[in-house]
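# Survey of secondary and tertiary structure
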Amino acid sequence: MKVELENLFSIDESSQDQVIKVYNRYGIFIGAPEIRKRNLKASFNPIFTLNEDVTYEQVADLYKSLEHELGIVSIGERFYFDFSDSEYEQALLFTLNSTGNSPEMFLDDRGTLFSISTYCQHCGLMEKEQLSPLVIDTSKIEDRHLVHVSGYWVASEKLVTLMKQENIEGYDLLEVIHQGPQLGKQPAYQIIPKQMLPTCSSERVKLYFATEQPPCRCGLSGVINGPDSYNRKDITNLQGDVFFSAEWSHDGRYLYRKTLFSRRFRELIINNNISREVKGEKDRNFGPKDWLFDPVLLK
């Protein structure tokens, strides 16, 4: 697995050579942006690999140099995790990050009852316990098979039928409550895993944005967790196809536990033409209805 970092900021044409020299000084070699008009701001968005030669500590020092030498203070950051073919082939479990290259697949909750408590007094992250079925506008699902709602996965009736036909195991179903227009309303079901996975490997990658506040002492807010990673011996004998992670994730406000799926579930989705096989969000085949599965790494 390769960790890549993308930067994004704007500069004047007259500064481009100086910016490139600063990057080169830290062992990061980037090209000049294309300038179509004189005096037009140029977007710099180099993508480079973090490894033993280019560490994130060096990148943080790079940002300081860009600020002190050139006055560049607004730098966007985005991490990518690039997996090898063998990591896809060997994975027993997959993390489902998207069921369509489209924000419309993340639906808003419309009145589900939760019990809410403060998890961390410092960053304000909240813990919630679901007390009622999810309430959503099921007409928004349209012809999709699976949508994301506040940390939970909601399946269409067609997908539920397919999962039962293929003997996908390890979950309960809870029918959601529809709130919205009657036109397009359809049955839909929250997928609730029955099992929780062991804790992730201590070798799991953990990152943070150097351009933002340091991570909170709770270890959740401000932390960018790398791919889910487990010791092989801990998950080799797992039974079933749907699991909760032991670790908390969050959406910036509320905690939730991620749902992980088996290789059989991923193959079901691909073999039934629900999604093409895509490998990473930079895959050129990643279309508006393709599902993005990341392999769970084995140590």
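Right, let's walk through the structure included here. By convention here, each chain's residues receive numbers from 1 onward along its written sequence. Note on the predicted model: pLDDT of at least 70 is required for a residue's local features to be given, and 80 or more for side-chain atom pairs to be given and counted; whole-chain, interface and lining totals, by contrast, use all residues. Side-chain metrics in this entry use all non-hydrogen atoms of the structure; hydrogen atoms and water are not considered.

## Some words on the overall build of the chain
- A run of H or I in DSSP counts as a helix once it spans at least four residues, and a run of E counts as a strand once it spans at least two, with each numbered from the N terminus. Helix and strand counts for the chain come out as 6 helices and 22 strands.
- Each principal axis of the C-alpha distribution contributes one length, and for the chain these read about 60 × 50 × 45 Å.
- The buried label goes to any residue with under 20% of its type's maximum accessible area, the exposed label to any with over 50%, and the partly exposed label to all in between, with areas taken from a 1.4 Å probe on protein chains only. Buried positions account for 45% of the 299 residues belonging to the chain.
- Shrake-Rupley sampling with a 1.4 Å probe provides the accessible areas, and residues are treated as covered by the protein chains on show and by no other component. Carbon and sulfur atoms form 44% of the exposed surface of the chain, whose accessible area is close to 16,200 Å².
- In this tally, Asp and Glu contribute negative charge and Lys and Arg positive charge; neither His nor the terminal groups of the chain are included. Charge coordinates come from a single atom per side chain, which is NZ of Lys, CZ of Arg, CG of Asp or CD of Glu. With 34 positive and 43 negative side-chain charges, the chain shows a separation of 2 Å between the mean positions of the two kinds.

## So, the packing of helix α4 (residues 157-165) against helix α6 (residues 263-271)
- At a closest axis distance of 11 Å, the pairing of α4 and α6 adopts a crossing angle of 120°. The orientation of α4 with respect to α6, classified from their angle, is oblique. With respect to the hand of their crossing, α4 and α6 are arranged in right-handed fashion. Mapping the contact onto sequence places L159, L162 and M163 in α4 and F265, L268 and I269 in α6.
- Taken together, the residues of the contact of α4 with α6 sort by class into 6 nonpolar, no polar and no charged. Working convention: axes come from line fits to C-alpha atoms, limited for helices to the stretch in contact. Angles between N-to-C directions cover 0 to 180 degrees. Here the angle decides the label: under 35 degrees means roughly parallel, over 145 means roughly antiparallel, 65 to 115 means roughly perpendicular, and every other value means oblique. Handedness of a crossing follows from how the near helix is turned relative to the far one, being left-handed for an anticlockwise turn of less than a right angle and right-handed for a clockwise one. The contact rule is simple, with two residues in contact once any of their heavy atoms fall within 4.5 Å. For this classification, Asp, Glu, Lys and Arg are treated as charged, while Ala, Val, Leu, Ile, Met, Phe, Trp, Tyr, Cys and Pro are nonpolar and the rest, including Gly, are polar.

## Here we look at the packing of aromatic side chains
- A pair of aromatic rings is counted whenever rings of Phe, Tyr or Trp (Trp by its six-membered ring) have centres within 6.5 Å, and the orientation is called stacked for planes under 30 degrees apart, edge-to-face for over 60 and tilted otherwise. Under the definition given, this model contains 13 aromatic pairs.
- Centroid distance F9 to Y23: 6.5 Å. Interplanar angle 10°. Geometry classified as stacked. One end of the pair, F9, is in strand β1 (residues 2-11); the other, Y23, is in helix α1 (residues 16-25), with 14 residues separating them in the sequence. With respect to class, F9 is no different from Y23; both count as buried.

## Concerning the pattern of salt bridges
- A pairing counts as a salt bridge when a side-chain nitrogen of Lys or Arg comes within 4 Å of a carboxyl oxygen of Asp or Glu. Applying the stated criterion to the full structure yields 15 salt bridges.
- Of the charged contacts, one joins E69 and R25 as a salt bridge, the two residues approaching to 2.6 Å between their closest N and O atoms. Residue E69 is found in helix α2 (residues 56-70), and its partner R25 is found in helix α1; the two are separated by 44 residues along the sequence.
- The salt bridge partner of K258 is D228, with a shortest N-O separation of 2.7 Å. In this pair, K258 is assigned in strand β20 (residues 255-262) and D228 in the loop between β17 (224-225) and β18 (229-230), connecting sequence segments 30 residues apart.
- The exposure class of D228 is buried, given its relative accessible area of 2%.
- Salt bridges sharing partners connect three or more residues here, namely K2, E4, D82 and K282.

## Describing the side chain of S262
- Relative to the helices and strands, S262 resides in strand β20.
- Judged by its relative accessible area of 5%, S262 is buried.
- Not counting the four nearest positions on each side in its chain, S262 is found in contact with L92, L93, F94, G240 and D241.

## Side note on empty space enclosed by the protein
- Points on a 1 Å grid over protein atoms alone make up a cavity when a 1.4 Å probe fits among them but cannot get out, and a pocket when they form an open set with protein on both sides within 12 Å along at least five of seven lines; lining residues each have an atom within 4 Å of a point. Grid points are joined across faces, edges and corners, and a volume is the space filled by probe spheres set on the points. Considering all chains together, one arrives at 1 cavity of 30 Å³ or more under this definition.
- A volume near 40 Å³ is recorded for the largest cavity.
- Taken together, R204, N225, D228, S245, E247, W248, S249 and K258 make up the full set of residues lining the largest cavity.
- Take the lining of the largest cavity: its biggest share by element is 4 residues, from strand β19 (residues 242-250).
- Here the lining of the largest cavity is composed, by residue class, of 1 nonpolar, 3 polar and 4 charged.

## With respect to the sheet that holds strand β21 (residues 292-295)
- Strands qualify as paired when DSSP identifies two bridges or more between them. Strand order in the open sheet formed by 5 strands is β15-β19-β20-β5-β21, with mixed pairing between adjacent strands. At either margin of the open sheet sits one strand with a lone partner, and together these are β15 (195-196) and β21.
- Bridging between β19 and β20 involves 6 bridges; their strand directions are antiparallel. Residue F243 lies in a different strand from β20, and its bridge partner there is L260.

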